[in-house]
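# Architecture at a glance
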Amino acid sequence: METHEARLRATELRHAIARHNDLYYRQDAPEISDAEYDALMRELADLEARFPDIATPDSPTKIVGARPSEKFEKFTHALPMLSLANAMNAGELREFDARVRRQLDWGSETPIDYVAELKIDGLAVELAYENRRLVAGSTRGDGTIGELITRNLLTIAAIPRELPSDAPDLLDVRGEVYIRKSDFAAMNARREEEGEPTFANPRNAAAGSLRQLDPAVTASRPLAIFLYGIGRTGDLRLDSHEDWLRRLSAWGFPVNPERRLCRGIDEAVEYYESIPSIRGDLPFDIDGVVGKVNRLDLQERLGILSRSPRWAIAAKFPAQQVQTVVEAIDIQVGRTGALTPVARLTPVAVGGVTVSNASLHNQDEIDRLDVRVGDTVVIQRAGDVIPEVVSVVTESRPSEAVPFSIPDSISHHCPVCGSEIVRLPDEVAWRCVGSACPAKRIESLCHFASKNAMNIDGLGEKLIRQVVERGVVQSPADIYRLTREQWAGLDRMADKSAENLLAAIAATKSTTLRRFIFALGIRHVGEATAKALADAFGSIHAVMDATTEQLAFVPDIGPIVAASIRGWFEDPGNRQLVLDLLALGIAPAWEKTRTVGRLAGKTMVLTGTLASMDRGEAKQRLEALGATVAGSVSRKTSVVVAGESAGSKLDKARELGIEIWDEERLLREIGSE
């Protein structure tokens, strides 16, 4: 893989992971399994390790969770709430132990003690106590800033409001809010009887309950909590993690008793391998085992990485698998016209949830699996979300089952609008080319109104589908043209609801440039690329008029993405849409994210290894002083910062006569702010 290919793939992965982070952490509505998410993260981490120049400071590999919701007041954690690195099997657990030993220079004769705890599948929270009284409760958020949800957490009776006199004056306690399986089943049964939608799984129900603006709604949900870690501890110092768990329990915190102090990695692996046999009998959902170095002095010596501690690991379980039958394969049309095959399954229970469909992604995946209508298939739900087809039980295949072809199944025409479908040579997806396809229009409008785009509160798929089907909305601009009477005339919409929606639509006219660009739905342009475009050009008119070469010079935008952006704005209909939106009063403003400092106007390139910081931190520090940090050396480069083992970029800088800084010069420049 060449560097430009790696950069493009990394950009795609960052966009996908950012979207799934938002779905999981903020919307409590994940679309992929934990295993699929972990695979995306691992692929990105591997690319950034193989091609250090493509790493970015805001990469998901360096940050935790997702930014807090705008619905809640923000809370800054005194100490970061980090995520955990993952192990997928016993072998990777042993690799973790080997890394710990190397970092500690620990001999092979003496085992390291680990505390092995069940990994509860819920929502991570922090409880802050001052003068032994609970003063704040928050979600993890992005690890630094969470959502302040004190009133909601106070509805959980098991959380102590006051601590005994032997507790420190200052104490931060971390834990997981969850819902027991039996309580979840009873709650869903009640909701079904009352005609309310049921929850998909206990984790989503717990997370959604904590994010209610009305604490009375939270109080009506059967939430529980286990505490498992600490942040600030005042002047109290203990020797081990197990000591802290015992102390938390003595102070009245619910601490999961199902844990083991393991004398060495062999005992930790034994514990990990013993849990799947009892997993189904546990009263709550788990998705793995967490192993932590027990001694706190060793934890301190090991330290942390940007998003996870070196002294802890989350050992995940293999996905739970069951068999069912493919009754049909339907084709869905997305906002870019991509056709996605979906297997309709005989309903089957897996992971505590009944499932009846699974995405087959594209024709290549169908061919790889050789899945056919009528086949018995193995499906799995690694994270209690939408399942995936793992394999086909070919010996159970009916004699009449035939290979499935997307174009043949729909006679080479879009199943929604009847337009021609095409598959470009360099793509895996078949696409509808119909410009007026209702399915594409609905998906595009849903994207335009979504939280990370224009964030039109109250405008969801059901309303969008109605206005499209009634022919009153053809493009995003029409959303701003509809009257109160037109909105109120929709199903389940009254005058008050229409007024609220109109107010929400009007409020989005004062949006940011990055949100506006993202909302347009340009192919390959996710949130990160939209922000990069906003920072690089400062106005939507400048982005519209930028050449392919100018676009490709923006960090993290390669030739394919640049061509996609240029092609989108060259389309007369797309340009007119932007002009219409601006004429309707939308005023996208550039959020200036960089300080105009003494390095403003300089384009800098980092190469080699820095001893004092990683490349991501160096990039952040340079950008804070106004510099643009690029990934490759050209005649436009002002300075190349060369660390240890600098390679071809340093050679090219010398060849072009570009100024070169060593690490000492870099530290002088960024340290004299």
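Before reading further, recall that the structure is shown in the block above.
Residues numbered from 1 in each chain as written. Predicted model: local features only at pLDDT ≥ 70, side-chain atom pairs only at ≥ 80, totals over all residues. Heavy atoms only, no water.

## Structural notes on the overall build of the protein
Rules: Here a helix means four or more residues in a row that DSSP labels H or I, a strand means two or more in a row labelled E, and each is numbered from the N terminus. Here the globule rule is a power law, 2.2 Å times the number of residues to the power 0.38, and the radius of gyration is based on C-alpha atoms. Note on classification: 1.4 Å probe, protein chains only; a residue is buried when its accessible area is under 20% of the maximum for its type, exposed when over 50%, partly exposed between these limits. Residue contacts are counted whenever heavy atoms from the two residues lie within 4.5 Å of one another. Counting rule applied: Lys, Arg positive; Asp, Glu negative; His and chain ends not counted. Think of each charge as sitting on NZ of Lys, CZ of Arg, CG of Asp or CD of Glu.
Regarding its fold elements, the protein presents 27 helices and 22 strands. Rg of the C-alpha trace for the protein: 27 Å, near the compact-globule value of 26 Å for 673 residues, within the 12% margin. Taking the principal axes of its C-alpha atoms as reference, the protein extends roughly 75 × 70 × 55 Å. Counting the 673 residues in the protein, one finds 51% classified as buried. In the protein, the proportion of contacts linking residues at least 24 apart, taken out of those at least 6 apart, comes to 67%. One way to put it: in the protein the 82 positive side-chain charges average out to a point 4 Å from where the 98 negative ones average out.

## Quick look at helix H24 (residues 572–583)
The criterion, for reference: Here the expected length of a helix is defined as 1.5 Å per residue gap, with one fewer gap than residues. Under this definition, polar contacts are N or O atom pairs within 3.5 Å; protein pairs additionally need one hydrogen-donor-capable and one acceptor-capable atom, and for neighbouring residues in sequence, both atoms have to be side-chain atoms.
Compared with an ideal rise of 1.5 Å per residue, which puts 12 residues at 16 Å, H24 spans 16 Å between its outermost C-alpha atoms and is within 8% of the ideal. The inward-facing, buried residues of H24 contact helix H14 (438–449), helix H16 (476–479), helix H19 (513–519), helix H21 (540–545) and helix H23 (559–570). Two or three places before Gly 573, at the start of H24, stands the capping residue Asp 571, its side-chain oxygen 2.8 Å from that residue's backbone nitrogen. Looking one or two places after H24, you find Gly 585, whose phi comes out positive at around 105°.

## Details of the sheet that holds strand S2 (residues 86–87)
Backbone hydrogen bonds hold the strands of a sheet together, and the pairing may be parallel or antiparallel. Note the threshold: DSSP-based pairing: two strands are paired if at least 2 bridges between them are found. Axis lines are fitted through C-alpha atoms, for helices just across the contact stretch, and the angle between N-to-C directions can take any value from 0 to 180 degrees.
Overall, mixed pairing links the 5 strands, which are arranged S2-S11-S10-S3-S9 in an open sheet. Looking at which strands have only one partner, the edges of the open sheet turn out to be S2 and strand S9 (259–263). Sheet strands touched by helix H8 (residues 241–250): strand S3 (113–120), S9 and strand S10 (286–293). Its angle to S3, the strand with the most contacts, is close to 50°. Where helix H9 (residues 265–274) meets the sheet, its contacts fall on S3, S9, S10 and strand S11 (312–316), and the angle it forms with S9 comes to roughly 150°.

## Structural notes on the packing of aromatic side chains
Inclusion rule: Each Phe, Tyr or Trp ring (for Trp, its six-membered ring) is paired with any other whose centre lies within 6.5 Å, and the angle between the two planes then decides the class: stacked below 30 degrees, edge-to-face above 60, tilted in between.
The tally for this structure, following the rule as stated, stands at 9 aromatic pairs. Residues Tyr 178 and Phe 284 carry aromatic rings whose centres are separated by 5.6 Å and whose planes lie at 70° to one another, so their mutual orientation is edge-to-face. Here Tyr 178 is found in strand S7 (residues 170–178), whereas its partner Phe 284 is found in the loop between helix H10 (276–279) and S10, with 106 residues between them in sequence. Phe 284 carries the same exposure label as Tyr 178, and that label is buried. When the centroid spacing of 5.5 Å and the interplanar angle of 80° are considered together, the rings of Phe 226 and Phe 284 count as edge-to-face. With a gap of 58 residues between them, Phe 226 in strand S8 (residues 224–230) and Phe 284 in the loop between H10 and S10 connect regions that are remote in the sequence. According to the relative accessible area criterion, Phe 226 is buried, its value standing at 12%. Aromatic ring contacts, followed pair by pair, group Tyr 178, Phe 226 and Phe 284 into a single cluster.

## Observations concerning the packing of helix H3 (residues 90–104) against H9
Convention followed: With respect to orientation, any angle under 35 degrees is reported as roughly parallel, any angle over 145 as roughly antiparallel, any angle of 65 to 115 as roughly perpendicular, and every other angle as oblique. The hand of a helix crossing depends on one turn: near helix anticlockwise from the far one by less than a right angle means left-handed, and clockwise means right-handed. Here the term charged refers only to Asp, Glu, Lys and Arg, the term nonpolar to Ala, Val, Leu, Ile, Met, Phe, Trp, Tyr, Cys and Pro, and the term polar to all other amino acids, Gly among them.
Interaxial distance between H3 and H9 falls to 10 Å at its minimum, and their mutual angle equals 150°. Taken as axis vectors, H3 and H9 run roughly antiparallel relative to one another. The handedness of the crossing between H3 and H9 is right-handed. Together, Ala 90, Leu 93, Arg 94 and Asp 97 of H3 and Ile 265, Asp 266, Val 269, Tyr 272 and Glu 273 of H9 make up the contact between the two elements. Of the residues belonging to the contact of H3 with H9, the class tally is 5 nonpolar, no polar and 4 charged.

## So, empty space enclosed by the protein
Counted only if it meets this: The way it works is a 1 Å grid over only the protein atoms, where trapped points that fit a 1.4 Å probe form a cavity and open points with protein on both sides within 12 Å along at least five of seven lines form a pocket, and then any residue with an atom within 4 Å of a point lines it. Grid points are joined across faces, edges and corners, and a volume is the space filled by probe spheres set on the points.
Here the structure, examined in full by the defined rule, presents 6 cavities of 30 Å³ or more. Here the largest cavity defines a volume of roughly 70 Å³. Around the largest cavity sit Leu 93, Phe 96, Tyr 114, Ala 116, Ile 265, Ala 268, Tyr 272, Val 289, Val 290, Gly 291, Ile 313 and Ala 315, which together line it. At the level of elements, H3, S3, H9, S10 and S11 are the ones that each hand at least two residues to the lining of the largest cavity. Grouping the constituent residues of the lining of the largest cavity by class yields 11 nonpolar, 1 polar and no charged.

## Here we look at the environment of Gly 434
With respect to the helices and strands, the residue Gly 434 is situated in the loop between strand S18 (431–432) and H14. With a relative accessible area of 7%, Gly 434 lands in the buried category. Each C-alpha atom, one on Gly 434 and one on Ala 536, is 33 Å from the other, the two residues being 102 residues apart in sequence. Dropping the residues within four chain positions of it, Gly 434 is found in contact with Ser 419 and Lys 440.

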